[in-house]
Every structure is written in structure tokens, then in C-alpha cells.
Amino acid sequence: MKPDSPFYEHTLKILKQSELFGSLEEDVIRDMLLMFRRETWRRKSLVMDPEQTLKHFFVIISGRVKVTRINSDTGREFTICLLGPGAAFDVLPLLDGKKHDVSFIALDNIEALSTPFRTAHDWIKSNPCFNSTFLPYVGKQMRQITNLTFDLALHDTGTRLMKLFLRHTVQDNPHPRLKLINDLSNEEFAGMIGSVRVVVNRYMQELKEEGIIDAHRGSLEVTDLHALVEKIEHHVGLHIRNKRNTI
């Protein structure tokens, strides 16, 4: 992307605020921008499939991308994570050179930067500044996958749903707010916690009746963060006690 592009200043601002690029010197970011090109996708379109994960490296400028894996036999979809502005994908193939068996779906109209896979790989090998931010960024993503695996194996559906809300809650004054997932359907929530819509509906209704969340007109809010945390702790404690009683 060249400096005379009408999208340049906005793009630069997003990169400077991003977790991956934000700690780099502005001159370094500007040099990297010269190696990127702008791309767009419409909502619900396929951004990248497993075969393409070794071709290009992307950074989201606006919109959200859903990272999913689909069972080819049942068609059932599991959402691994959501990525928003400033997030990069796909990062794992940059480490091991192998394709990543996931798909990237646009939840919104997407604006992103792309660069050839080999260019991003060269940055890691030859740019110490970028490497010093890239490795912690990948480490954080891997830790999130580990936590997700732990939740799926050890927690019930209600706990997984509440932890999903807590994980995406941002502490804003005067009230907390949900980030990235505030307008998703119950079916999308089910795909993110390994459940089905009818079960999520039941837990959502319970949380609304207890005044912990407020859902209306396609918008979800956490109205009592303290109560949400207490309910999670109660669910986890109850699950542990039940497990002990069955031993």
C-alpha cells in the first residue's frame, strides 16, 4: 500500500493500535505497509480455506473474521475464535510451513491487508523488531486454544457460555461491554462452545431472568459482571463436587 492511497492513514492508525504491530516504530510499520495490498470481502464470504493458508498473510483493518473447522461427514461447524481489526491470520503456518486445516469466514464486510506468505516469513527471519512481537502474539493465540480445549473437556455448557461472555468483556466506564460477539446469534454462540442452539437458548434465558445479561434487537450486553463471575465460580465448584461424588 502506497502513502498516497486514500486508505493509507486509516490503515496506519489501525496497525499502530494493533497488538502485533503497535510496539514497532512508525517507520518500520510504514516500510511494511509498502509490502501489503488492500483486499475486501463481503459478509459471509470465504476469505481463506486450508489450501490457501500457505499463500498469504492477512491483517484485518475492519470487520470480523470467524475461524472455523467443519466436520465433512456431519457438516457441523466449530468456531475456534473470532478475529477483529488489527488481528493477523494465518500465523501458525509461518512457524511450521504446513497448511492449517481451518477456514476463515467473513462475519462482516471485511477490509484487510495481504502480503505473500514468503514476505511475512522473511520478516520473521530478518526483522528482529517484528520477530520480538510476533512470537508473543503467536504464544497468546496458542494459549487461547489451550484454554478452549480445557473448557471443552472439563466444563459444562452453561459454564462455557458464561466464560465466553467473560472472555470478550471489556472493562469500560461506567459499564462493561462485550467486544466482537455482542451482536451474534445463539447459533453462533453454540458453534463457539461446542453445543447446539436449543441448549444455548435455555442458558441465555436463565441469564436474562437473573439480570446478568440483556439481549434485545440483536444486541447483547453484560449488565451484572460481578454476578456473572460469581455464577461461573458456582458452576465450576458444583461441577467439581459432582465429580468427586461420582468417584
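Everything here concerns the structure above.
Below you will find a few notes about this structure. (Residues numbered from 1 in each chain as written. Predicted model: local features only at pLDDT ≥ 70, side-chain atom pairs only at ≥ 80, totals over all residues. Heavy atoms only, no water.)

With respect to the overall build of the protein
Here's step 1: Helices and strands together make up the secondary structure of the protein, namely 9 helices and 12 strands.
Here's step 2: Taken over C-alpha atoms, the radius of gyration comes to 20 Å for the protein, in line with the 18 Å a tight globule of 247 residues would show.
Here's step 3: Across its three principal axes, the protein shows a C-alpha extent of roughly 60 × 40 × 30 Å.
Here's step 4: Out of the 247 residues belonging to the protein, those deemed buried represent 45%. (Helix = DSSP H or I, 4+ residues; strand = E, 2+ residues; numbered from the N terminus. Rg over C-alpha atoms; globule rule 2.2 N^0.38 Å. Buried < 20%, exposed > 50% of the residue type's maximum accessible area, 1.4 Å probe, protein only.)

Side note on the pairing of strand S5 (residues 77-83)
Consecutive residues of a regular strand have side chains that alternate between opposite faces of the sheet.
Here's step 1: Pairing between strand S4 (residues 65-70) and S5: 6 bridges, direction antiparallel. The residue bridging valine 65 from the neighbouring strand is leucine 83, located in S5.
Here's step 2: Between S4 and S5, which follow one another and run antiparallel, lie 6 residues, and glycine 75 among them has a positive phi close to 80°. (Pairing = 2+ DSSP bridges.)

Focus on the packing of helix H1 (residues 8-17) against helix H2 (residues 26-33)
Here's step 1: Between H1 and H2, the shortest axis-to-axis distance is 11 Å and the interhelical angle comes to 125°. With respect to H2, the axis of H1 lies oblique. Judged by the sense of rotation from one axis to the other, the crossing of H1 with H2 is right-handed. Contacts from Tyr8, Glu9, Thr11, Leu12, Leu15 and Lys16 in H1 reach Glu26, Ile29, Arg30 and Leu33 in H2.
Here's step 2: Of the residues in the contact of H1 with H2, the class split is 5 nonpolar, 1 polar and 4 charged. (Axes fitted to C-alpha atoms, helices over the stretch in contact; angles between N-to-C directions. Parallel < 35°, antiparallel > 145°, perpendicular 65-115°, else oblique. Left-handed = near helix turned anticlockwise from the far one by under 90°. Contact = heavy atoms within 4.5 Å. Nonpolar A, V, L, I, M, F, W, Y, C, P; charged D, E, K, R; others polar.)

Examining the nonpolar core
Here's step 1: Judged by nonpolar contacts, the single largest core of 43 residues is most densely connected at Phe21, Phe89 and Phe130.
Here's step 2: Per-element accounting of this core gives the leading share, 5 residues, to strand S3 (residues 56-62).
Here's step 3: Sequence-distant contacts of phenylalanine 89, that is, excluding residues within four places in its chain, are made with Val47, Met48, His56, Phe57, Phe58, Ile60, Val65, Leu83 and Phe104.
Here's step 4: Among the nonpolar cores identified, the runner-up in size contains 27 residues, and Leu164, Ile213, Val222 and Ala227 belong to it. (Core = buried A, V, L, I, M, F, W, Y, C linked by side-chain atoms within 4.5 Å.)

Quick notes on helix H4 (residues 117-126)
Here's step 1: For H4, every residue scored as buried is listed here: Phe117, Thr119, Ala120, Trp123 and Ile124.
Here's step 2: Residues of H4 that are buried make contact with H2, S3, helix H3 (93-96), strand S8 (110-116) and helix H5 (128-154).

Regarding unusual backbone geometry
Here's step 1: The omega torsion across phenylalanine 89 and aspartate 90 is -10°, close enough to zero to call that bond cis.
Here's step 2: Here aspartate 90 lies in the loop between strand S6 (88-89) and H3.
Here's step 3: You will see that lysine 44, though not glycine, has its phi angle at about 75°, which is positive.
Here's step 4: In this structure, lysine 44 sits in the loop between strand S1 (37-41) and strand S2 (46-48).
Here's step 5: For leucine 180, which is not glycine, the phi dihedral falls at a positive 75°.
Here's step 6: Here leucine 180 falls in the buried class, since its relative accessible area comes to 18%.

Some thoughts on the sheet that holds strand S7 (residues 103-106)
Here's step 1: Here we have 4 strands laid out as an open sheet, ordered S2-S7-S4-S5, and antiparallel in their pairing. The open sheet has two edge strands, S2 and S5, and neither has a second partner. Across the sheet, the mean angle from the axis of one strand to that of its neighbour is 35°, orientation sign disregarded.
Here's step 2: Sheet topology places S2 next to S7; 2 bridges connect them, and they run antiparallel.

What to know about the sheet that holds S3
Here's step 1: Strands sit in the order S1-S8-S3-S6 across an open sheet of 4 strands; the sheet is antiparallel. Edge positions in the sheet fall to S1 and S6, since each has one partner strand and no second.
Here's step 2: Direction of pairing for S1 relative to S8: antiparallel, over a ladder of 5 bridges. Considered in S8, the bridge of arginine 37 is made with serine 114.
Here's step 3: Seen against the sheet, H4 touches S3 and S8 and runs at an angle of roughly 70° to S8.

Let's talk about the environment of cysteine 129
Here's step 1: Relative to the helices and strands, cysteine 129 resides in helix H5.
Here's step 2: Owing to a relative accessible area of 40%, cysteine 129 belongs among the partly exposed residues under this scheme.
Here's step 3: For cysteine 129 and methionine 32, which are 97 residues apart along the polypeptide, the C-alpha to C-alpha distance reads 12 Å.

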